[in-house]
Amino acid sequence: MIELQGQVALVTGAGRGIGRAVALELARAGADLVLCARTQAQLEEVAAEIRTLGRRALVATGDVSQVAPVEAIVAQALQEFAHIDILVNNAGIRRDAVLLRMKEEDWDEVLQVNLRSAFVCTRAVSKGMLKKRSGRIINISSVIALMGNAGQANYAASKAGLIGFTRSVARELASRGITVNAVAPGYIETEMTRDLPQKAREWIQERIPMGFLGQPEDVAKMVRFLSAPETRYVTGQVFNVDGGMVM
Ligand code: NDP
């Protein structure tokens, strides 16, 4: 079923992992894509896959936590496609350390990439959505925002911040037909979780009622659902995709 035909989606962190899966899923649903991250080669690979699906893809490199590159990316996207209908704030990093060993740079960088980027991108993209009186904004948070995790105070704070951001912006934009929701993945097999020690992996697995780690596609399906016209009456919500870890 083609449900996003004629729509344009901007996905941050689209070069690999969850962002890549989201971009491909939205393309399969009929959308054209603006792909953002800092590593051009990875974006080019994803763009090539999208083109084989018969959709258009624009590669837009830059640090999405900074205003100047984001404004340039949005301007480039609007020149190419004239509108952006879906924004997926997915770019994220982790710099884990227990509190007493956490460096200020680790705190600042994580907050900047995970939280500030959502503010900067949403502000830039929502202008056009407001004019069109429609849009979908989806922020990729984490179950860590809800549970906390030893060694991830910076990451948990950034992802919890995203939930507050989601609810506030949802209230601001609701009357203009724009929905804003958050997806909170559990443990998903990507580069971000690849270096988990075997013991930690087993510990996590025991705490997932479904008994296995998720795949990027599991998150992508939820993003597609929240991007569709059918979910026009769903806003300000957090959807866990975590095999039942948090309930
Ligand atoms: P990956 O590390 O595999 O991918 C992260 C993506 O973000 C890359 O494309 C990276 O590209 C991009 N990125 C990082 N920093 C920036 C930046 N400053 N500007 C632009 N792009 C940037 O991570 P995942 O796919 O695992 O994670 C995606 C999102 O999902 C993150 O927000 C993460 O916190 C969240 N998440 C992941 C979970 C998991 O278990 N994997 C669980 C819960 C949430 P580049 O480095 O080239 O810029």
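Remember, predicted model here, so these are calculated numbers, not experimental data.

Quick look at the overall build of the protein chain now. Within the protein chain one finds nine helices and seven strands. Whereas a compact globule of 247 residues would reach a radius of gyration of roughly 18 Å, the protein chain reaches 17 Å, a difference of no more than 12%. Projected onto its principal axes, the C-alpha positions of the protein chain cover 50 × 40 × 35 Å. Counting all 247 residues of the protein chain, 53% fall into the buried class. Taking as baseline every contact in the protein chain between residues at least 6 positions apart, the subset at least 24 positions apart corresponds to 73%.

Time to look at unusual backbone geometry. Phi at Ala 82 is positive, roughly 75°, even though this residue is not glycine. Tracing the sequence through the fold places Ala 82 in the loop between α3 (67–81) and β4 (86–89). When its relative accessible area of 58% is taken as the criterion, Ala 82 is described as exposed. Phi angles above zero are rare outside glycine, and Arg 133 is one such case at about 55°. Counting through the fold element by element, Arg 133 comes out in the loop between α4 (104–132) and β5 (135–140).

Okay, the sheet that holds β5 next. Read across the open sheet, the seven strands follow the order β3-β2-β1-β4-β5-β6-β7; overall the sheet is parallel. Edge positions in the sheet fall to β3 (57–61) and β7 (238–241), since each of these pairs with one other strand and no more. Taking the axes of each pair of neighbouring strands and ignoring which way they run, one obtains an average angle of 15° across the sheet. Pairing analysis gives five bridges linking strand β2 (residues 32–37) to β3, with the strands arranged parallel. Note that in β3 the partner of Leu 33 across the bridge is Ala 57. The strands touched by helix α1 (residues 17–28) are β1 (8–12), β2, β4 and β6 (178–185); relative to β1, the strand with the most contacts, the crossing angle is about 170°.

Thresholds, definitions, all that
Residues numbered from 1 in each chain as written. Predicted model: local features only at pLDDT ≥ 70, side-chain atom pairs only at ≥ 80, totals over all residues. Heavy atoms only, no water. Helix = DSSP H or I, 4+ residues; strand = E, 2+ residues; numbered from the N terminus. Rg over C-alpha atoms; globule rule 2.2 N^0.38 Å. Buried < 20%, exposed > 50% of the residue type's maximum accessible area, 1.4 Å probe, protein only. Contact = heavy atoms within 4.5 Å. Pairing = 2+ DSSP bridges. Axes fitted to C-alpha atoms, helices over the stretch in contact; angles between N-to-C directions.

Purely geometric numbers; function is a separate question.
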